[in-house]
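Summary of structural features
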Amino acid sequence: MAKVPFSKVAATPEQLLQKLKDRGLVVSAATEPMALAYLRGVGGYRLKGYWFHVVDPATKRFPAGYTFEQIAARCELDRELRAATIEAIDRLEVAIRTVMANYLSLRHSPHWFLNTAIFKPTRDWGVGQLIRKIEEEVRRAEGKRFVAHYFNRHDDPYLPPSWSISECVTFGLWSRTYAILRDARQEGHLQALWR
């Protein structure tokens with residue numbers, strides 16, 4: 001397929017709404033302010049994801065009787081599902097962080113991440129990178145009360161304990177940390193905590 005220069009022009013929310021009406025979308029006078037608010041706040045391009053599947057590909061027209069309220073309802077359902085998914089992921093992430101921090105702290109010490117013996121060497125990701133990343137994240141979090149409290153009272157070890165660290169680092173770091181734990185039995189114990 002030969003490429004051509006982009007030639008579309010931007011449209012105002014009012015122009016886009018008129019275009020949709022011209023293609024058969026039902027927008028009552030009472031609904032028009034809401035439709036314009038959606039086009040301004042959500043955007044026509046994003047909203048298109050909620051209507052493109054019902055539009056006739058040849059004519060670009062909406063089915064008879066299709067309303068803007070139906071598009072808005074799909075958008076709101078998507079928003080609610082996304083919020084529920086994020087909430088569930090957040091709960092799971094906090095639980096995984098807590099289980100790992102508690103288990104490894106009880107088994108090795110609150111500063112288990114400084115104990116190089118519990119990690120296996122790998123080419124891609126090792127304990128050196130882990131500690132550097134923890135140091136960076138703790139440095140970024142120095143303004144947080146729990147981090148400042150540790151540094152105001154302690155200087156050895158030079159990093160806060162793992163339950164404090166777990167609030168500073170990303171979930172991705174926990175995943176990488178789990179992957180480099182040396183003791184397979186230890187990994188088995190962590191897995192058993194989820195059963």
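Our subject is the structure listed above.
These lines cover the structure that appears in this document, whether it is placed above or below. Keep in mind that this is a model prediction, so the values were computed, not measured. (Residues numbered from 1 in each chain as written. Predicted model: local features only at pLDDT ≥ 70, side-chain atom pairs only at ≥ 80, totals over all residues. Heavy atoms only, no water.)

**Considerations on the packing of helix α2 (residues 32-41) against helix α4 (residues 68-107)**
For the record, the criterion: Comment: axis = line fitted to C-alpha atoms, over the contacting stretch for helices; angle = value between 0 and 180 degrees taken between N-to-C directions. Here a helix means four or more residues in a row that DSSP labels H or I, a strand means two or more in a row labelled E, and each is numbered from the N terminus. Every angle not falling under 35 degrees, over 145, or within 65 to 115 is termed oblique; those three ranges are roughly parallel, roughly antiparallel and roughly perpendicular. Take the far helix as the reference: if the near one is turned anticlockwise from it by less than a right angle, the crossing is left-handed, and if turned clockwise, right-handed. Residue contacts follow a heavy-atom distance rule, with two residues in contact if any of their heavy atoms lie within 4.5 Å.
Between α2 and α4, whose axes approach to 10 Å, the crossing angle comes to 45 degrees. Relative to α4, the element α2 lies oblique. In this structure, α2 crosses over α4, and the sense of that crossing is left-handed. Each of Met34, Ala35 and Tyr38 in α2 lies in contact with α4, whose residues at this interface are Phe68, Glu69, Ala72, Cys75 and Glu76.

**Points about the pattern of salt bridges**
Which entries qualify depends on this criterion: In the sections that follow, a salt bridge refers to a side-chain nitrogen of Lys or Arg positioned within 4 Å of a carboxyl oxygen of Asp or Glu. A simple rule labels every residue: compare its accessible area, found with a 1.4 Å probe on the protein chains alone, to the largest value its type can have, and call it buried under 20%, exposed over 50%, or partly exposed in between.
The final tally for this structure, using the stated rule, is nine salt bridges. Taking the shortest distance from any N to any O, the salt bridge between Arg40 and Glu14 comes out at 2.5 Å. Taken together, the residues span a long stretch of sequence, with Arg40 in helix α2 and Glu14 in helix α1 (residues 13-22) at a distance of 26 residues. For Glu14, a relative accessible area of 39% puts it in the partly exposed group. The residue Arg97 makes a salt bridge to Glu93 at a minimum N-O spacing of 2.6 Å. In this pair, Arg97 and Glu93 are both assigned in helix α4, four residues apart and thus about one turn of the helix distant. For Arg97, a relative accessible area of 11% gives the class buried.

**Topic: the packing of α1 against α2**
Worth spelling out the cut-off: Charged means Asp, Glu, Lys or Arg here, nonpolar means Ala, Val, Leu, Ile, Met, Phe, Trp, Tyr, Cys or Pro, and polar covers whatever is left, Gly included.
Where α1 contacts α2, the axes come no closer than 9 Å and their chain directions differ by 120 degrees. Regarding the angle of α1 to α2, the classification is oblique. Considering only the axes of α1 and α2, their crossing is right-handed. For the pair formed by α1 and α2, the contact residues are Pro13, Glu14, Leu16, Leu17 and Lys21 on the first element and Glu32, Ala35, Leu36, Leu39 and Arg40 on the second. For the contact of α1 with α2, a count of residues per class yields six nonpolar, no polar and four charged.

**Remarks on the packing of aromatic side chains**
Threshold: By convention, a stacked pair of Phe, Tyr or Trp rings (six-membered ring in the case of Trp) has centres within 6.5 Å and planes under 30 degrees apart, an edge-to-face pair has planes over 60 apart, and any other such pair is tilted. We call a charge positioned above a ring when the Lys NZ or Arg CZ atom is no farther than 6 Å from the ring centre and deviates by at most 35 degrees from the ring normal.
By the definition in use, this model includes seven aromatic pairs. For the pair Trp112 and Phe119, a centre-to-centre distance of 6.3 Å together with 40 degrees between the ring planes defines the contact as tilted. Exposure remark for Trp112: the relative accessible area of 3% places this residue in the buried category. What links up through ring pairs into an aromatic cluster is the set Trp112, Phe113, Phe119 and Trp174. When the ring centre of Trp125 is taken as reference, the NZ or CZ atom of Arg176 above it lies at 4.2 Å.

**Focus: unusual backbone geometry**
The omega angle of the peptide bond from Asp156 to Pro157 is -10 degrees, so this bond is cis rather than trans. Summarising the element assignment, Pro157 is placed in the loop between α6 (145-153) and α7 (162-165). Of note, the phi angle at Lys60 is positive, near 65 degrees, even though the residue is not glycine. Along the chain, the position of Lys60 falls in the loop between α3 (44-48) and α4. The class for Lys60 is partly exposed, based on a relative accessible area of 42%.

**Points about empty space enclosed by the protein**
Put simply, the rule reads: Cavities and pockets are defined on a 1 Å grid built over the protein atoms alone: a cavity is a set of grid points where a 1.4 Å probe fits but cannot escape, while a pocket is an open set with protein on both sides within 12 Å along at least five of seven lines, and lining residues are those with an atom within 4 Å of any such point. Grid points are joined across faces, edges and corners, and a volume is the space filled by probe spheres set on the points.
For the coordinates displayed, the defined rule picks out one cavity of 30 Å³ or more. What the largest cavity holds in volume is close to 40 Å³. In terms of lining, the largest cavity is formed by Trp112, Phe113, Leu130, Ile134, Ile165, Val169, Leu173, Trp174 and Thr177. Of all elements in the fold, only α5 (127-140) and α8 (171-179) reach the threshold of two or more residues within the lining of the largest cavity.

**Some thoughts on the environment of Thr67**
Positionally, Thr67 belongs in the loop between α3 and α4. In this structure the C-alpha to C-alpha distance between Thr67 and Glu135, which are 68 residues apart in sequence, comes to 54 Å. Setting aside residues up to four positions removed in sequence, Thr67 forms contacts with Leu25 and Val26.

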